[in-house]
Amino acid sequence: LPGFYYDPEKNRYFRLLPGHNNHNPLTKDSIQHKAMECKRLRLLEEEEKQKKTTRAGLNSSVLLQKRQLGLLSSTSYCRLVHELKVNCMQRRKIEIHSPDSSVAGTNNFKIIVADVACERIFTVNDVEHGGCKYGIINLSGLGKESLTVEMYDNLYFTNRKVNSVCWASLTHPDSHLCLMGIAETPGCASLLPASLFSSTNPGDRPGMLCSFKISTAWSCAWCLNPQADNCFSTGLTRRVLVTNVVTGHRQTFGTSSDVLAQQFATQTPVLYNGCRSGEIFSIDVRQRNRKGQSWKATRLFHGSAVTSIHLMEAEHYLMAADMAGKIKLWDLRTAKCVKQYKGHHNEYALLPLHVNEEEGLLIAVGQDCYTRIWSLQDAHLLRTIPSPHPSSKDAIPSVVFSSRLGGSQGVPGLLMAVKQDLYHFSYN
């Protein structure tokens, strides 16, 4: 490095300052961080100036002409169209309104999770005095030019750190929310009615449906299969707990590792689990508790802790990501990896995957705070989006992608929550 010298005994770089006898030490990590920040600022500047261009020959008219002439297969044509649309996405900041003007835009976003219809997103925000604040953002305003949304908070639940959250359909679709959190020691699992976060009839809001103490909770999932109706699962330290919220009946399955990721199948009452050991296994929740590992069905193995799993729509394939930054697509019928999506960065964080089969896209945010988008069909990396804020452990963006943000008449695009800001990338 020009202007620096390296001291191998101290494992540090020293800046050479003319006319000074003392040196200014810089660690390898700090130099790497500065280099990453320079790269992020350069990419942001390119995007702000709209200098980002697609590959040569990648425009809609040329693609359509090649397809009509038979020069492109349907698979290649679809992927290239999505690549064109992804690269044309522009970032716009969303204005967040709240009935309580002191609430909106004052706390950092930690997690955002959309309901099935993408009409609402549930938000978990860090608060200054510790713990978290929960809220629901109505996305109906995204169809308007002003890009405004309404945020509703419930201030009664502000003391629990949240590891995992999912929407639950108890009385009607997406009527409740499952929260896996850490109150003190042990942790806590809660099922909250979504109506708690509403501007109507505040005096008639129902209370918490169920809440119980558990060991440290890492993940949760709600079952939509009628054979395991009203059940949700909790991934704990070395065990899985399946609870029927109406009857109170519980099933416990012991595991050899912490369960960091979970998802229920919809066609069968089967629960898929991803573990810190790198193992992925399934459980048929109709069976009674069994000792040992004999109840495990499908078993897959990653080389590192599995942080996220996603069961594909036909339920023949499973997408999984791990703490080595590897994203793999598994064929559940043969228990073999059929595709790998390269470029993801993760070393220790519980980072989710976002799969949109309708658009043929895979989206993941890395520990380096970059949002990456791949083609599902051929695993091609379509775009890498830098964060609007400097990268840090507490500034990893949380994202949602949908073809209908705001409901059936909504707009397509990517939502990105980072720090106190919410952004929209229009996918036209």
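Provided above is the structure to which this section pertains.
Along each chain, residue indices are assigned from 1 in the same order as the chain's sequence is written. Thresholds applied to this predicted model are a pLDDT of at least 70 for local features of residues and 80 or more for the giving and counting of side-chain atom pairs; totals over whole chains, interfaces and linings are not thresholded and use all residues. To get the side-chain values, all heavy atoms of the structure are used, and hydrogens and water are removed first.

Caption draft 1: View of the overall build of the protein. The secondary structure listing takes helices from DSSP runs of H or I that are at least 4 residues long and strands from runs of E that are at least 2 residues long, numbered from the N terminus. Secondary structure summary: the protein contains three helices and 32 strands in total. In the protein, buried positions account for 51% of the 428 residues. Any two residues whose heavy atoms approach within 4.5 Å at even a single point are treated as in contact. In the protein, once contacts between residues fewer than 6 apart in sequence are set aside, the share between residues at least 24 apart is 46%. Using a 1.4 Å probe, accessible areas were evaluated by the Shrake-Rupley method; residue-level cover was limited to the displayed protein chains. Carbon and sulfur atoms provide 49% of the accessible area of the protein, an area that totals close to 20500 Å². Exposure classes here rest on a 1.4 Å probe applied to the protein chains alone. A residue is buried below 20% of its type maximum, exposed above 50%, and partly exposed in between.

Caption draft 2: Structural context of unusual backbone geometry. Here the phi dihedral of Cys-118 falls at roughly 55°; this positive angle occurs in a residue that is not glycine. Among the secondary structure elements, Cys-118 is positioned in the loop between strand 6 (109-114) and strand 7 (120-126). Given the relative accessible area of 8%, Cys-118 is considered buried.

Caption draft 3: Quick look at the state of the cysteines. By disulfide we mean two sulfur atoms from cysteines, separated by a distance within 2.5 Å. Counting across every chain of the model gives zero disulfides. Counting only cysteine sulfurs, Cys-223 is the nearest neighbor of Cys-231, a cysteine outside any disulfide, at a range of 6.5 Å.

Caption draft 4: Spotlight on the packing of aromatic side chains. Aromatic rings from Phe, Tyr and Trp, taking only the six-membered ring of Trp, are treated as a pair when their centres fall within 6.5 Å; an angle between ring planes under 30 degrees marks them as stacked, one over 60 as edge-to-face, and anything in between as tilted. Scanning the model with the defined rule gives five aromatic pairs in all. Their ring planes at 75° and their centres at 5.8 Å tell us that Phe-122 and Phe-197 sit as a pair that is edge-to-face. Of the two residues, Phe-122 is situated in strand 7 and Phe-197 in the loop between strand 12 (187-193) and strand 13 (210-214); the sequence distance between them amounts to 75 residues. Exposure remark for Phe-122: the relative accessible area of 0% places this residue in the buried category. When the centroid spacing of 5.2 Å and the interplanar angle of 80° are considered together, the rings of Phe-401 and Tyr-427 count as edge-to-face. Of this pair, Phe-401 sits in strand 30 (residues 398-405) while Tyr-427 sits in the segment after strand 32 (421-426), and the two are 26 residues apart along the sequence. Each member of the pair, Phe-401 as well as Tyr-427, carries the same accessibility label: buried.

Caption draft 5: Molecular detail of the sheet that holds strand 21 (residues 299-301). Strands are labelled as partners when DSSP assigns at least two bridges between them. If you walk across this open sheet you meet the four strands as 18-19-20-21, and the pairing is antiparallel. Edge positions in the sheet fall to strand 18 (259-264) and strand 21, since each of these pairs with one other strand and no more. Each neighbouring strand pair of the sheet contributes to a mean axis angle of 20°, computed without reference to strand direction. Strand direction decides the pairing type here: strand 19 (residues 270-275) and strand 20 (residues 279-284), joined by five bridges, are antiparallel. Along strand 20, the bridge assignment pairs Tyr-272 with Ser-282. Axis definition: a line fitted to C-alpha atoms, over the contacting stretch in the case of helices. Angles run 0 to 180 degrees between N-to-C directions.

Caption draft 6: Seen up close, the sheet that holds strand 31 (residues 411-418). Ordered by their spatial adjacency, four strands build an open sheet running 4-32-31-30, and the pairing between neighbours is antiparallel. Looking at the sheet topology across the chains shown, the edges are occupied by strand 4 (91-93) and strand 30. Strand-to-strand, the axes of this sheet are offset by a mean angle of 25°, without reference to chain direction. Note that strand 30 and strand 31 share six bridges and pair antiparallel.

Caption draft 7: Structural view of the pattern of salt bridges. A carboxyl oxygen of Asp or Glu within 4 Å of a side-chain nitrogen of Lys or Arg is what we treat as a salt bridge. Considering all chains together, one arrives at 11 salt bridges under this definition. Glu-37 is the partner of Arg-40 in a salt bridge, and the nearest nitrogen-oxygen pair spans 2.7 Å. In this pair, Arg-40 and Glu-37 are both assigned in helix 1 (residues 28-48), three residues apart and thus about one turn of the helix distant. Neither Arg-40 nor Glu-37 differs from the other in exposure class; each is buried. Between Asp-115 and Arg-120 there is a salt bridge; the shortest N-O distance is 3.0 Å.

Caption draft 8: Region of the structure containing the pairing of strand 31. Extensive coverage of strand 31 is indicated by the burial of six of its eight residues. The loop that links strand 30 with its antiparallel partner strand 31 comprises five residues; one of these, Gly-406, has a positive phi angle of about 105°. Sheet topology places strand 31 next to strand 32; six bridges connect them, and they run antiparallel. For Leu-415, the partnering residue across the bridge sits in strand 32 and is His-424. Where strand 31 folds back on strand 32, the antiparallel hairpin that results is connected by two residues, among which Lys-419 adopts a positive phi of roughly 55°.

Honestly, that's just the spatial picture; any functional story needs more than this.
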